[in-house]
Amino acid sequence: MFDKIIFHIDVNSAFLSWEAVYRREILHVKEDLRDIPSAVGGDVRLRHGIILAKSQPAKKYGVQTGETLIEARRKCPSLKLVPPHYRLYDRCSAALMEILRRFSPNVEQYSIDEAYCDMSGTAGLYGFPMVAAHLIKDTVRQELGFTVNVGISSNKLLAKMASDFRKPDQVHTLFPEEIPQKMWPLPVSELFFVGHATAKKLFALGIRTIGDLARTDQGVLRTHLKKQGELIYAFANGVDVSQVVSAPLANKGYGNSMTTPKDVTDLSEARLVLLALCETIGSRLRKDGASVGVVSVSIVYSDFTGGSHQTTLPEETDLTDELWEHAVRLFEELWDGRAARHLGVHTGKAVYGKDTRQMNLFTGERPQKLQRLGRTLDELREKYGEDCIMRGVFLNGQICHMSGGIGREKQTVDYEKELKKVR
Ligand SMILES: [Mg+2]
């Protein structure tokens, strides 16, 4: 037996499944979106006009996540499109995590529809990992009505790779001794952390499968791909030393992202978008009495490649301006100058009830002043609405001064009308 047993749980076509369950269970609609060619897609006007999730029947037509609604309709004229419903997804996600926490005290939510569970030492409770995985999968299906894949291994990377094997409603293992047979034949683009741009570089080096990558000289990879080369070489060989880190329940990540009304092509635009995102995060932090110790920034370019970059702060903060300064610096380090369509700011290591900032020789009274300003703004917005006061830089701009999240997401979209407009 391996001493570490890690599960990766991944909801199958999450947004679409959740939408389907909602329509059947709550709205009592007979038709199940999962059984017909269907997709969840965003608002064309807000440039969210892309496929976010598709059903298996839609997949058979070649409909792909990330392509525009128009492309998808061209491939499949009968495609039923439904708008995203983010509040519902948040609720489904929370319900899933609640079930997972019944099975393991150590659950790390990785995204809205994915989580790692450290199942080491649970054999006495649930039997072999395979048995426990089926139990989790079936519990989710019975209680919540949607299906998940469970990947089992001795580390997070391999567990994640395993959950991506055949779908839906499956359990797969990928233990180190199974790597040559189960993982090495796969195209290198399917390796975690190998995006579109990296795959292209690897192809140019004659590396087509994960196995090719695992056998490539590390020096060659370092020359062409720097640090990332080292990381994906380790991944191709099944090496991942990261641990499952469960956040305390209250310690949700405070993060926020947005698809920008137009591509971000210069730093001043980026600064504005980041500020709008930080405004919202800052106000949420202060509302919960939380301060964060880590800030990260993510960029999605117009070809849907992207990356993220994070930093640990010298001191936890809940101040919009401080979050923003770190976010801008991270963006400058990460950005490769190409047009970006989606920016995100996320935070971590939240602490609660840390009310006052120490006077610091280097920062002077600035934190205290910003704190008072933040509180005053929060109170005004609480009383008179979010838009009662905003920073001058947002006047007459296209960027909403408090952006991201679900609050302003348009949730009903007339697709027929939208498609006609852009045709
Ligand atoms: Mg998923």
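Residues numbered from 1 in each chain as written. Predicted model: local features only at pLDDT ≥ 70, side-chain atom pairs only at ≥ 80, totals over all residues. Heavy atoms only, no water.

**Student:** An account of the overall build of the protein is needed here, citing residue identities and associated values.
**Tutor:** Counting its secondary structure elements, the protein contains 15 helices and twelve strands. Expressed as a percentage of the 423 residues in the protein, the buried residues total 48%. In the protein, the share of contacts with a sequence separation of at least 24, taken over all contacts with a separation of at least 6, comes to 64%. Carbon and sulfur atoms make up 54% of the accessible area of the protein, which totals about 21,200 Å². (Helix = DSSP H or I, 4+ residues; strand = E, 2+ residues; numbered from the N terminus. Buried < 20%, exposed > 50% of the residue type's maximum accessible area, 1.4 Å probe, protein only. Contact = heavy atoms within 4.5 Å. Areas by Shrake-Rupley, 256 points an atom, 1.4 Å probe, with all protein chains shown as cover.)

**Student:** Account for the nonpolar core, naming residues and giving values.
**Tutor:** Ranked by internal contacts, the top residues of the largest apolar core, which has 38 residues, are Phe 7, Leu 100, Met 119 and Phe 146. Looking at this core, the elements with two or more residues in it are β1 (6–11), α1 (14–25), α4 (86–103), β6 (114–118), α6 (129–144) and β7 (148–153). Ranked by residue count, the leading element in this core is α4, at nine residues. For Met 119, the contacting residues outside a window of four places in its chain are Ile 5, Phe 7, Phe 103, Ser 104, Tyr 126, Ala 132 and Ile 136. Counting residues in each nonpolar core, the second largest holds 31 residues, with Leu 275, Leu 277, Leu 285 and Leu 323 among its members. (Core = buried A, V, L, I, M, F, W, Y, C linked by side-chain atoms within 4.5 Å.)

**Student:** Account for the sheet that holds strand β10 (residues 290–301), naming residues and giving values.
**Tutor:** With antiparallel pairing, four strands are arranged side by side in an open sheet as β9-β12-β10-β11. Looking at the sheet topology across the chains shown, the edges are occupied by β9 (255–264) and β11 (306–317). On average, each strand axis in the sheet is inclined to that of its neighbour by 15°, with strand direction left out of account. Here six bridges tie β9 to strand β12 (residues 340–352), and the two strands are oriented antiparallel to one another. Opposite Gly 255, over in β12, you have His 346 as the bridge partner. Those strands touched by helix α13 (residues 320–334) are β10, β11 and β12, and its axis lies near 35° from that of β10. (Pairing = 2+ DSSP bridges. Axes fitted to C-alpha atoms, helices over the stretch in contact; angles between N-to-C directions.)

**Student:** Any chance you could break down the coordination of the magnesium ion for me, citing the residues and the numbers?
**Tutor:** Any two of four tetrahedral donors ideally make an angle of 109.5 degrees at the metal, while pairs among six octahedral donors ideally make 90 or 180 degrees. Around the magnesium ion, the protein contributes the donor atoms Asp 10 (OD), Val 11 (O) and Asp 113 (OD), which lie 2.1 to 2.5 Å from the metal centre. Read in sequence order, the donor residues coordinating the magnesium ion give the pattern D-V-x101-D. The buried category is assigned to Asp 10, whose relative accessible area is 12%. On the basis of relative accessibility, which here comes to 3%, the residue Val 11 falls in the buried class. (Donors = N, O, S within 2.8 Å, 3.2 Å for Na, K, Ca; no water.)

**Student:** Mind laying out the side chain of Lys 156, listing which residues take part and the relevant values?
**Tutor:** Within the element layout of this structure, Lys 156 appears in helix α7 (residues 156–163). The contacts of Lys 156, once residues within four sequence positions are left out, are Ile 6, Glu 108, Tyr 116, Asp 240, Ser 242, Gln 243 and Val 244.

**Student:** Account for the pattern of salt bridges, with residues named and values stated.
**Tutor:** All chains considered together, the criterion is met by 21 salt bridges. Between Arg 34 and Asp 32 there is a salt bridge, and its shortest N-O distance comes to 3.1 Å. Residue classification places Arg 34 among the partly exposed residues on the basis of a relative accessible area of 25%. Among the salt bridges present, the one from Lys 75 reaches Glu 67, with a minimum N-O distance of 2.7 Å. Given a relative accessible area of 34%, Lys 75 falls into the partly exposed group. Each of the salt bridges in this network shares a partner with another, and the network as a whole consists of Lys 137, Asp 138, Arg 141 and Asp 169. (Salt bridge = Lys/Arg side-chain N within 4 Å of Asp/Glu carboxyl O.)

**Student:** Give a description of a nonpolar patch on the surface that names residues and reports values.
**Tutor:** Together, Ile 26, Leu 27 and Val 29 give the surface a local cluster of nonpolar side chains, amounting to about 260 Å² of exposed area. When you line up the elements, Leu 27 lands in the loop between α1 and β2 (38–41). (Patch = residues over 30% accessible without salt bridge, like charges linked within 9 Å, V, L, I, M, F, W, Y side chains within 5 Å.)

**Student:** Describe unusual backbone geometry, with residues and values.
**Tutor:** Cis rather than trans, the peptide bond between Lys 167 and Pro 168 has omega equal to -10°. Looking at the element boundaries, Pro 168 is found in the loop between α7 and β8 (171–173). Phi is positive for Ser 13, which is not a glycine, with a value near 40°. One can find Ser 13 in the loop between β1 and α1. For Ser 13, a relative accessible area of 27% gives the class partly exposed.

**Student:** Quick rundown of the pairing of β11? Include the residues and the values.
**Tutor:** As paired elements, β10 and β11 share eight bridges and run antiparallel to each other. Paired with Ser 296 across the two strands is Gln 310, which belongs to β11.

**Student:** For helix α11 (residues 218–236), give the residues involved together with the corresponding values.
**Tutor:** Relative to the 27 Å expected for 19 residues at 1.5 Å per residue, α11 spans just 12 Å between its end C-alpha atoms, considerably shorter than the ideal helical length. Of all the bends in α11, the greatest, near 140°, is centred on Leu 225. All buried positions along α11 are accounted for by Leu 221, Leu 225, Gly 229, Ile 232, Phe 235 and Ala 236. On its buried face, α11 sits against α7, α8 (179–182), α9 (196–204) and α10 (210–215). Of the residues flanking the start of α11, the one acting as N-cap is Asp 217, its side-chain oxygen 3.1 Å from the backbone nitrogen of Gly 219. Just downstream of α11 lies Gly 238, where phi reads positive at about 80°. (Expected span 1.5 Å × (residues − 1). Bend = angle between axes of the 7 residues up to and from the residue. Polar contact = N/O pair within 3.5 Å; in protein donor to acceptor, adjacent residues only side chain to side chain.)

Note that all results are geometric; they support no functional claim without further evidence.
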